[in-house]
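# Reading the structure
Chain by chain, the residues:
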Amino acid sequence: YSMIAEDLKPNRLEVAKDVISSFIDSLETDRVWLVLFSGKPFTSVPLTFDYDFLREFIANISMKTIDRRYGDLWWTAIGDALVLAYDGFDAEDEREKVIILITDWEANAWIDPITALKLLKENNIRTYTIWVWGTEDTFIEYVDSFGFKEKIAVWGIDEDTLIKIATETGWKYFNASSKQALEGIFSSIAELEQQEIEYATIEKREDAYEPFLYMLIFLFLLFIGLVYHKDINIW
């Protein structure tokens, strides 16, 4: 329920949905999949190139998407979400694999995020972490099943863990305190990923040329040797 806090207007959830959809608009050749999580992660959309379906699904996400009538779904299972995100990748696909974790709360259920971090590091999964948080003092109005309203303070983030996850997988942690900040973060991620793709392409091209270069050098030296050998015979 913290995602309906209005420190980001109209609320955190709607801002995140809008910015993620815009980010998907910038993609062309990346497969994307989506994991929603609360006290448990859910594979919401498996790996796909169908960006239109992704945007439609995201537009329809609401607080009712995950039924929190079950007590264990009230928590924030960041570690489990990271593990499920890893499991959803195609192991035979040699392309770079990236996780973008967005949360507004600290991990407080099931798998320790640091345990999940070990899995990500062992398998070279780059991870960006984003903390969505507008102000220090934020409240939400919760209406229970009997219709009673309650004002609840929204707090709780383990920034150190988010920083650790990002930096130890070789990438970055961001703090989004406004919609504009979140838009800037996703623009930065898109730019960083594009730079990585260009670097990888150049590196692969260089690797592809090297065997031919060595062969040409060998043939050239062989040619010189034969000519030199022939000159000696003539003389």
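Here the structure is shown first, and the text comes after it.
Residues numbered from 1 in each chain as written. Predicted model: local features only at pLDDT ≥ 70, side-chain atom pairs only at ≥ 80, totals over all residues. Heavy atoms only, no water.

## Focus on the sheet that holds strand E3 (residues 98-103)
- Read from one edge to the other, the open sheet built from three strands follows the order E3-E4-E7, with strand pairing classed as parallel. Looking along the sheet, the strands with just one partner apiece sit at the ends: E3 and strand E7 (173-176). The average undirected angle you get between the axes of adjacent strands in this sheet is 20 degrees.
- Where E3 lies against strand E4 (residues 126-132), six bridges are found, and the strand directions are parallel. Across the sheet, Ile99 pairs through a bridge with Thr127, a residue of E4.
- Helix H5 (residues 159-168) rests against E3, E4 and E7 of the sheet, and its axis sits at about 155 degrees to E4. (Pairing = 2+ DSSP bridges. Helix = DSSP H or I, 4+ residues; strand = E, 2+ residues; numbered from the N terminus. Axes fitted to C-alpha atoms, helices over the stretch in contact; angles between N-to-C directions. Contact = heavy atoms within 4.5 Å.)

## Here we look at the nonpolar core
- Of all hydrophobic cores here, the largest spans 33 residues; its most connected members are Leu54, Ile130, Leu182, Phe186 and Ile189.
- Those elements that place two or more of their residues in this core are helix H1 (12-25), strand E1 (32-37), helix H2 (51-59), E4, E7 and helix H6 (179-234).
- Excluding anything up to four places from it in sequence, Ile189 contacts Phe23, Ile100, Tyr128, Ile130 and Phe174.
- Counting residues in each nonpolar core, the second largest holds 25 residues, with Ala85, Ala116, Trp133 and Ala166 among its members. (Core = buried A, V, L, I, M, F, W, Y, C linked by side-chain atoms within 4.5 Å. Buried < 20%, exposed > 50% of the residue type's maximum accessible area, 1.4 Å probe, protein only.)

## With respect to a nonpolar patch on the surface
- Residues Tyr1, Trp74 and Trp75 make up a contiguous nonpolar surface patch of about 320 Å² in total accessible area.
- Looking at the element boundaries, Tyr1 is found in the segment before H1.
- Judged by its relative accessible area of 30%, Tyr1 falls in the partly exposed class. (Patch = residues over 30% accessible without salt bridge, like charges linked within 9 Å, V, L, I, M, F, W, Y side chains within 5 Å. Areas by Shrake-Rupley, 256 points an atom, 1.4 Å probe, with all protein chains shown as cover. Salt bridge = Lys/Arg side-chain N within 4 Å of Asp/Glu carboxyl O.)

## What about the pattern of salt bridges?
- Tallying each qualifying case throughout the model produces 13 salt bridges.
- Residues Asp90 and Arg31 are paired through a salt bridge, measuring 3.8 Å at the closest nitrogen-oxygen approach. Taken together, the residues span a long stretch of sequence, with Asp90 in the loop between helix H3 (78-87) and E3 and Arg31 in the loop between H1 and E1 at a distance of 59 residues.
- The class of Asp90 is partly exposed, set by a relative accessible area of 34%.
- Exposure remark for Arg31: the relative accessible area of 28% places this residue in the partly exposed category.
- Of the charged contacts in the structure, one is a salt bridge between Arg31 and Asp93, with a shortest N-O distance of 3.1 Å. One end of the pair, Arg31, is in the loop between H1 and E1; the other, Asp93, is in the loop between H3 and E3, and 62 residues separate them in sequence.
- Under the relative-accessibility criterion, Asp93 is labelled buried at 17%.
- Among the ionic contacts, a cluster of salt bridges with common partners joins Arg31, Asp90, Asp93 and Arg95.

## Section: the packing of aromatic side chains
- This structure, assessed with the given rule, holds six aromatic pairs.
- With centroids separated by 5.3 Å and ring planes inclined at 45 degrees, the aromatic side chains of Trp131 and Trp133 adopt a geometry described as tilted.
- Relative accessible area serves as the criterion here: at 9%, Trp131 is assigned to the buried category.
- With a relative accessible area of 9%, Trp133 lands in the buried category.
- What links up through ring pairs into an aromatic cluster is the set Tyr128, Trp171 and Phe174. (Phe/Tyr/Trp six-rings, centres within 6.5 Å; stacked < 30°, edge-to-face > 60°.)

## A closer look at the side chain of Thr48
- By the secondary structure assignment, Thr48 is in strand E2 (residues 41-48).
- In this structure the side chain of Thr48 is engaged in a polar contact, spanning 2.8 Å, whose partner is the backbone nitrogen of Asp50.
- Excluding its chain neighbours within four sequence positions, the residues that come into contact with Thr48 are Asp30, Arg31, Val32 and Leu54. (Polar contact = N/O pair within 3.5 Å; in protein donor to acceptor, adjacent residues only side chain to side chain.)

## With respect to the packing of H3 against helix H4 (residues 113-122)
- Two elements in contact, H3 and H4, have axes separated by 8 Å at closest approach and are oriented at 20 degrees. In this view, H3 runs roughly parallel relative to H4, as classed from their interaxial angle. Between H3 and H4 lies a crossing of left-handed hand. Along the contact surface, H3 presents Ile78, Gly79, Leu82, Val83 and Tyr86, while H4 presents Pro113, Ala116, Leu119 and Leu120.
- Among the residues forming the contact of H3 with H4, the class breakdown is eight nonpolar, one polar and no charged. (Parallel < 35°, antiparallel > 145°, perpendicular 65-115°, else oblique. Left-handed = near helix turned anticlockwise from the far one by under 90°. Nonpolar A, V, L, I, M, F, W, Y, C, P; charged D, E, K, R; others polar.)

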